[in-house]
Amino acid sequence: MHTQKVAILYGGAEGAGHGRQLRKSLQNEGFTTTPRASKADIIIAHSGGVFLLPAKHSAKIVLLVGVPYWPSKPIIKSLKE
């Protein structure tokens, strides 16, 4: 069986330290993590990380968490809120 690869894309105010427990939980469940979103089976993008999604990828699942979207505000202000 193929081990599923998960890429985590963090926003501007986050980083690998924020995802330590998530990565540990994923590994405990048999997933591997990869920095290469274009080659991942699953992509998890948090906040501004949604803007780092590769144009071409092979992921079957893309999970967007905390998307900085506020229709009445410019994108830069949405990222700060």
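Residues numbered from 1 in each chain as written. Predicted model: local features only at pLDDT ≥ 70, side-chain atom pairs only at ≥ 80, totals over all residues. Heavy atoms only, no water.

**Q** How would you explain the sheet that holds strand 4 (residues 61-65) if you had to name every residue and give the values?
**A** Overall, parallel pairing links the four strands, which are arranged 2-1-3-4 in an open sheet. Each edge of the sheet is formed by a strand with only one pairing partner; in this case those strands are strand 2 (32-33) and strand 4. Bridge count for strand 3 (residues 42-46) against strand 4 is five bridges, and the pairing is parallel. Along strand 4, the bridge assignment pairs I42 with I61. Across the sheet, helix 1 (residues 20-28) is in contact with strand 1 (5-9), strand 2 and strand 3; its angle to strand 1 comes to roughly 170 degrees. (Pairing = 2+ DSSP bridges. Helix = DSSP H or I, 4+ residues; strand = E, 2+ residues; numbered from the N terminus. Contact = heavy atoms within 4.5 Å. Axes fitted to C-alpha atoms, helices over the stretch in contact; angles between N-to-C directions.)

**Q** How would you summarise the nonpolar core if you had to cite specific residues and measurements?
**A** Among the nonpolar cores identified, the biggest contains eight residues, and these are A7, L9, A37, A40, I43, A45, V50 and A59. Going through the elements one at a time, strand 1 and strand 3 are the ones with two or more residues in this core. The residues touching A7, leaving out its near neighbours within four places in the chain, are T34, R36, A37, A40, I42, I43 and I44. Of all hydrophobic cores here, the second largest spans six residues; its members include V6, I8, L26 and I44. (Core = buried A, V, L, I, M, F, W, Y, C linked by side-chain atoms within 4.5 Å. Buried < 20%, exposed > 50% of the residue type's maximum accessible area, 1.4 Å probe, protein only.)

**Q** Before we move on, can you summarise the environment of I8 with the specific residues and values?
**A** Tracing the chain through its elements places I8 in strand 1. Residue I8 is classed as buried on the basis of its relative accessible area, which comes to 16%. Taking C-alpha positions, I8 is 9.4 Å from A40, a pair spaced 32 residues apart along the chain. Ignoring sequence-local partners within four residues, the contact set of I8 consists of L22, R23, L26, T34 and I44.

**Q** Mind laying out the side chain of S47, listing which residues take part and the relevant values?
**A** Of note, S47 is situated in the loop between strand 3 and strand 4. Judged by relative accessible area, S47 falls into the buried class, the value being 14%. Among all residues touching S47, those that are not within four sequence positions of it are G11, E14, V65, G66 and P68.

**Q** Tell me about the pairing of strand 3, residues and numbers included.
**A** In terms of residue burial, strand 3 counts as a mostly covered element, since four of its five residues are buried. For strand 1 and strand 3, the ladder comprises four bridges, and the chain directions are parallel. Opposite A7, over in strand 3, you have I43 as the bridge partner.

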